[in-house]
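One letter stands for each residue in the lines below.
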Number of protein chains: 2
Amino acid sequence: MDLEQSPFQLMDEDQLSLQLIDAQYNLKNTQGRKNAKSVLILVNGIELAGKGEAVKQLREWVDPRYLGVKADRPLMLHNKQPFWQPYVRFIPAEGQLMVMFGTWYSDLISTAMQPTQPISEAKFDAYIDEMRAFEQDLKNNHVDVVKIWIDLSWQVLQARLDQIEPSELRWHKLHGLDWRNKKQYDTVQELRQRFSDDWLIIDGTDEKQRDQQFAQAILNALKNCPAHPKRALGRWQQAKIPERLKSPEQRLAEAEDYKPELKKLTSRVASALRDDPRNVLILFEGMDAAGKGGAIKRIVKKLDPREYEIYTIAAPEKYELSRPYLWRFWTKLQTDDDICILDRSWYGRVLVERVEGLASALEWQRAYGEINRFEQSLVEHQTVIIKIWLAISKEEQAARFKAREETPHKRFKITEEDWRNREQWENYLKAAADMFERTSTELAPWHIIATDDKNTARIEVLKAILKQLQAESSA
Amino acid sequence: MDLEQSPFQLMDEDQLSLQLIDAQYNLKNTQGRKNAKSVLILVNGIELAGKGEAVKQLREWVDPRYLGVKADRPLMLHNKQPFWQPYVRFIPAEGQLMVMFGTWYSDLISTAMQPTQPISEAKFDAYIDEMRAFEQDLKNNHVDVVKIWIDLSWQVLQARLDQIEPSELRWHKLHGLDWRNKKQYDTVQELRQRFSDDWLIIDGTDEKQRDQQFAQAILNALKNCPAHPKRALGRWQQAKIPERLKSPEQRLAEAEDYKPELKKLTSRVASALRDDPRNVLILFEGMDAAGKGGAIKRIVKKLDPREYEIYTIAAPEKYELSRPYLWRFWTKLQTDDDICILDRSWYGRVLVERVEGLASALEWQRAYGEINRFEQSLVEHQTVIIKIWLAISKEEQAARFKAREETPHKRFKITEEDWRNREQWENYLKAAADMFERTSTELAPWHIIATDDKNTARIEVLKAILKQLQAESSA
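Just so it is clear, the structure is predicted and the values come from calculations on it, not from any experiment. (Residues numbered from 1 in each chain as written. Chains lettered and ligands numbered in written order. Predicted model: local features only at pLDDT ≥ 70, side-chain atom pairs only at ≥ 80, totals over all residues.)

With 36 residues of chain B at the interface, the matching set in chain A holds 35 residues. Listing elements by their share of the side of chain B that touches chain A, those giving two or more residues are helix H1 (13-28), helix H2 (51-61), helix H6 (166-175), helix H10 (255-275) and helix H11 (292-300) of chain B. Sorting elements by how many residues they give to the side of chain B that touches chain A places H10(B) first, with 5 residues. Among the residues forming the side of chain B that touches chain A, the class breakdown is 14 nonpolar, 8 polar and 14 charged. (Contact = placed C-beta atoms within 7 Å. Helix = DSSP H or I, 4+ residues; strand = E, 2+ residues; numbered from the N terminus. Nonpolar A, V, L, I, M, F, W, Y, C, P; charged D, E, K, R; others polar.)

To continue, consider the relation of the copies chain B and chain A. If you rotate chain B by 180° and push it 0.0 Å along the axis, it lands on chain A with an RMSD of 0.0 Å. Taken together, the turn and the small shift mark the pair as related by a two-fold rotation axis. Taking the C-alpha atom as reference, chain B places Tyr319(B) closest to the rotation axis, 4.2 Å from it. A shared interface surface links the copies, since 97% of the contact residues of chain B are contact residues in chain A too. (Least-squares fit on C-alpha atoms with pLDDT ≥ 70 in both.)

With 116 residues, the main nonpolar core has Leu40(B), Ile41(B), Ile148(B), Ile282(B), Ile388(B), Leu390(B) and Ile449(B) as its most contacted residues. Both domain 1 (13-223) and domain 2 (243-474) of chain B contribute no fewer than three residues apiece to this core. Membership of the second largest hydrophobic core comes to 115 residues, among which are Leu77(A), Phe101(A), Trp104(A) and Ala432(A). (Core = buried A, V, L, I, M, F, W, Y, C linked by C-beta atoms within 7 Å. Buried ≥ 20, exposed ≤ 12 C-beta atoms within 10 Å, placed from the backbone. Domains from an automatic or database assignment.)

All names here are of chain B. Spatially, S7-S8-S6-S9-S10 is the arrangement adopted by the 5 strands of the open sheet, whose pairing is parallel. The sheet terminates laterally at strand S7 (308-312) and strand S10 (446-450), the two strands that pair on one side only. The sheet shows a mean angle of 20° between the axes of neighbouring strands, direction not considered. Relative to strand S9 (residues 383-391), helix H15 (residues 361-380) is tilted by about 135°, and along the sheet it contacts strand S6 (279-286) and S9. (Pairing = 2+ DSSP bridges. Axes fitted to C-alpha atoms, helices over the stretch in contact; angles between N-to-C directions.)

Attention now moves to the sheet that holds strand S4 (residues 143-151) of chain B. All names here are of chain B. In spatial order, the strands read S2-S3-S1-S4-S5; together these 5 strands make up an open sheet with parallel pairing. This sheet does not close on itself; its edge strands, each paired only once, are strand S2 (68-70) and strand S5 (200-203). Pairwise comparison of adjacent strand axes, ignoring direction, gives a mean angle of 20° for this sheet. Across the face of the sheet, helix H4 (residues 121-140) comes into contact with strand S1 (38-45) and S4 while running at roughly 135° to S4. In this fold helix H8 (residues 207-223) packs onto S1, strand S3 (97-100), S4 and S5, with an angle of close to 170° to the strand it touches most, S4.

What follows is the structure in structure tokens.
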């Protein structure tokens, strides 16, 4: 079912232009404010229906300095890359308006219509679901998404093909489908109907009407961005704190076994990581001084730095804060990073940002779903995600803090703030408990490793990595 | 000739660590200050000499949150991409320390050693000159560049190859040269000697010594960044303002010829742009209201937005200001942008920034050379650069400003500041004159087009584009 089209009337062009510019400035002025938002317009449609013309006309009516246009030829969706990855760096920041065409939908249609490897209906629909969930996450993070399909009947399309110039025709042939083929046209229309019920459909036959309808739709999007949801929903079900978080018990490694075992495991982990055909992402969370740095050092010991990336995640930069929370991770993780290690991660949203009140209850409560979808998307595209929580007791942390303070070249690791954070110990444990409960999925489980004894912890970290890699490669 | 090695002594490790951390913090604290700088370490060397080990050890000694590491396998240098393009997004911002390996030098060596298409000695040396000029531009823009080669004798290399584990050996074989081949080893050493006289050479035989020497070199780089040059050199030779800038004369187009000629030229330009196998970059500069927007509109009229990108260049963002001036253009222009149109450009440095005092005399005077090298680098890699100055008389500008003020939906184009800028009219003309004199090169000439008559100007812009495309394709 198509969206019910709102009654449409041609406006005076100067009036339309004036209103668009006003609305652009209003949007821009939300930057840095509580009601900040951005607008992302996805445009797709039949070739020669005038998507390009409509965007060019829009450029005439708006202030072009505040209109982003991203136009690319379709990419084939494939196994190693989530559909959103080529696009995320163009997600508009607060106050920005971005028109994007092609989009993940044109990629999907092109992929579905490949003559050699067409995808199944079920797979097509699964992609649609994934795309909608992603768009919903954008909306929740104040990027309003509006989807516009510019349509053309078979007859009008053929008439237009008759009229265009040779160099234009060559270009369309080279980069599009065969629009002289009625069966292909019909297939595109059938595919489109599988996802277009939340799209605005514009008929591209009458050029003036098309351009106005397109511009008016954008005007509406600029004016009527949905208000941000303000409050968290309902009562929060706090998970019980697992005993092994509160007092991490640990069998002690036999001192004489430690070195040879560590050596053996270090080599085995290096080989396993190197030989795994998938990307591997290992992330560490845990209280300060739990030993994240030391654990990472052992993982990479037998690897060459050209084989891995280590990201140390700190507070977001200003330009990152003006985008959806996960944006800095979407854009950071590259599909050619075979081995990627994160010292802290996107879980900051439901740990430090929750505990310190940097994210609202609505935001951190929503984040579990966002994170699960994000991880699922990576896992489905050939990435193993290994999540490790290093558990330390409050006493052991105090001892390590003191040791750091007494060692001049380690003093930088410890600040007043680290001591203050200890007052929130219980709240951090609560946050961690909720995190395990909600994000330890079958696809990406959490490993909780006690670290009061550092040697044992290092062994256990390496074992956990091996175990997950082997379990999944034999699965 | 190798750099004379400064006398080297092992330091107490804790002391070394402490000094490194101190130096990191000092560097970080320069952010946003007048003496701001960043440090880029390029590391190359013989396989298994321990580049990776040295970097891992460095990570132990410093505060890893403030150490960037970028490690990649070599890329082949090729015709369509300047050597710096894959690396520029990793150029450190003010206050940052970045260790990069491989670098453009490993790309060059790998390219030179391709069995199928080796490059000539002359070409190799030309690359070296280009790389050094690029590094000098980085240094002038406060990115200190330090180059370190970690070396290994043939005998020690063979002994190490005997000892490493199978999975490691496979990895090195897969991604490197054949290090069992003495002739190849010798060739690498010969090539290296063609560029290494400004490198620090570290012998990788003794691991402890190697790691310390590496870390100490970085400590020195952090501590002893060369002071920024403070003043412009000598007296400035102002170019004479060309008469056609002061009073742009113009033959008027015959009204009846205009429309058909515009239509014909628009189509011819579209075909020429579309069919050109090279990338084409068209940039516009000129006083406000000279008609940049209108000219761009005609260029793209018969093109599909998927065929081109338009960049409207405004003032740099804060994160761009903390990098070399050209950085935002290095990272913006993608080699797959076939057709790229810039509404204002890097010439802002020698126009508005010069006139308004936003760049120091030293900075804008240096910029001509930086820009010429940048453009040359693009031109040599399959990009045509078409530079257009739209010349308007002061009277015509005033008339257009007034017309804009009287049209509600054009009022956004005109501010108090635009009127104020007119007081600097003569200084803008002087800046433009110097710009033509110093950057109108054979590879990338300027076209000066009078625009008091808009119709004629639009025709002339299209003709200039056609002329340059044809001249160069027939050359």
